[in-house]
Amino acid sequence: MVIGQHDVEEGRPRGGRLPRSERRAQLLDAALGVFVAQGFHAAAMDDIADRAGVSKPVLYQHFPGKLELYLALLDTSCDAIISGCREALEATQDNKQRVAATVDAFYTYVAHDAGAFRLVFESDLTNEPAVREQVDRVTADCATMIAAVIADDTGLPAGASRLLAVSLVGMAQVSARFWLTEAGGLERQEAAALVAGLAWRGIRGYPKTEEH
């Protein structure tokens, strides 16, 4: 049975309504499951409304269309990755540990059972400019933060530091996605540590001094 705007989840009095922020969060959670399972093009607003247990009019009160709903999810997903990268860099002043923490941040995000990373790294809508802008934001923002650390630690110019930073981001996210599906049973921490070790051996080759 489709639940209407005036019906509610189990445990809430019939006729009550969720606060707008809670309803929005509920709809986003339902949409995430549908988009991850079906992709943007195959997903339907009917499917999302059914999964959330609301009528389509309720869904449209919060999101005027499927693209707006997808972009809202994508924005949240991109923010989560960038925030994880920032926290990793700020957690220590030891650059070896920073590299390890940054790589692990991508592995942790990809390993999340909700599968939100697929919206960012495996979207079937990357030809849409607004989607492409959000996806590129992850690489750009994470690389900017990492490049600042590399420049400070190595003395390399901005362009070179940014190239290394983008390479680190690419290595982390591509290897994390590979690990999730094809890594042959490696634990997340072990896989992330292997990739972090590879990255650190390269980055530490550009010291300001002969000390490593």
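Computed from a predicted structure; not experimentally measured. (Residues numbered from 1 in each chain as written. Predicted model: local features only at pLDDT ≥ 70, side-chain atom pairs only at ≥ 80, totals over all residues. Heavy atoms only, no water.)

Draft legend 1. Examining the overall build of the protein more closely. Helix and strand content of the protein: nine helices and zero strands. Element order for the protein, N to C, with α for helix and β for strand: α-α-α-α-α-α-α-α-α. In the protein, the proportion of contacts linking residues at least 24 apart, taken out of those at least 6 apart, comes to 65%. About 11300 Å² of surface is accessible on the protein, with carbon and sulfur atoms providing 52% of the total. (Helix = DSSP H or I, 4+ residues; strand = E, 2+ residues; numbered from the N terminus. Contact = heavy atoms within 4.5 Å. Areas by Shrake-Rupley, 256 points an atom, 1.4 Å probe, with all protein chains shown as cover.)

Draft legend 2. Local environment of the environment of E190. Position of E190 among the secondary structure elements: in helix α9 (residues 188-203). Here the alpha-carbon distance between E190 and D104, two residues 86 residues apart in the chain, equals 9.8 Å.

Draft legend 3. Looking closely at the UniProt feature "DNA-binding region" (unreviewed entry) in the protein. Sites flagged by UniProt as "DNA-binding region" (unreviewed entry) map to residues 44-63. Across residues 44-63, helical content stands at 75% and strand content at 0%; the span's end C-alpha atoms are separated by 13 Å. (UniProt positions renumbered as here; feature names shortened; annotations may be inferred.)

Draft legend 4. Representation of the environment of K66 in the model. Within the secondary structure layout, K66 lies in helix α4 (residues 66-90). Between the C-alpha atoms of K66 and F40, which are 26 residues apart in sequence, the distance is 8.2 Å.

Draft legend 5. Summary view of the packing of helix α5 (residues 95-111) against helix α8 (residues 158-182). The geometry of α5 relative to α8 is characterised by a closest axis approach of 9 Å and an angle of 35° between their N-to-C directions. Where α5 crosses over α8, the handedness of that crossing is right-handed. Residues V103, F106, Y107, V110 and A111 of α5 pack against L168, V169, A172, Q173, S175, A176, R177, W179 and L180 of α8. Its residues placed into classes, the contact of α5 with α8 shows eleven nonpolar, two polar and one charged. (Axes fitted to C-alpha atoms, helices over the stretch in contact; angles between N-to-C directions. Left-handed = near helix turned anticlockwise from the far one by under 90°. Nonpolar A, V, L, I, M, F, W, Y, C, P; charged D, E, K, R; others polar.)

Draft legend 6. Highlighting the side chain of T102. Here T102 shows up in helix α5. Among the polar contacts listed, one links the side chain of T102 to the backbone oxygen of R98, at a separation of 2.8 Å. In this view, T102 contacts C85, A88, L89 and I146; residues no more than four positions away in its chain are not counted. (Polar contact = N/O pair within 3.5 Å; in protein donor to acceptor, adjacent residues only side chain to side chain.)

Draft legend 7. Region of the structure containing α5. The terminal C-alpha atoms of α5 lie 24 Å apart, and with 17 residues this matches the ideal 24 Å at 1.5 Å per residue to within 8%. If you check which residues of α5 are buried, you get N95, R98, V99, T102, V103, A105, F106, Y107, Y109 and V110. Where α5 starts, the residue carrying a side-chain oxygen 2.9 Å from the main-chain nitrogen of K96 turns out to be D94. (Expected span 1.5 Å × (residues − 1). Buried < 20%, exposed > 50% of the residue type's maximum accessible area, 1.4 Å probe, protein only.)

Draft legend 8. A look at the pattern of salt bridges. Going through the model one piece at a time under the given rule, you end up with seven salt bridges. Among the salt bridges present, the one from R188 reaches D104, with a minimum N-O distance of 2.5 Å. Here R188, found in helix α9, pairs with D104, found in helix α5; they are 84 residues apart in sequence, far enough to count as distant. Overall, the relative accessible area of 24% leaves D104 in the partly exposed class. Residues R118 and E122 are paired through a salt bridge, measuring 2.7 Å at the closest nitrogen-oxygen approach. (Salt bridge = Lys/Arg side-chain N within 4 Å of Asp/Glu carboxyl O.)

Draft legend 9. Molecular detail of the packing of α4 against α5. Running from amino to carboxyl end, α4 crosses α5 at an angle of 155°, the nearest separation of the two axes being 8 Å. Taken as axis vectors, α4 and α5 run roughly antiparallel relative to one another. In this structure, α4 meets α5 at a crossing whose hand is right-handed. Here S77, A80, I81, G84, C85, A88 and L89 of α4 lie close against α5, whose contacting residues are R98, A101, T102, A105, F106 and Y109. Partitioned by chemical class, the residues of the contact of α4 with α5 number nine nonpolar, three polar and one charged. (Parallel < 35°, antiparallel > 145°, perpendicular 65-115°, else oblique.)

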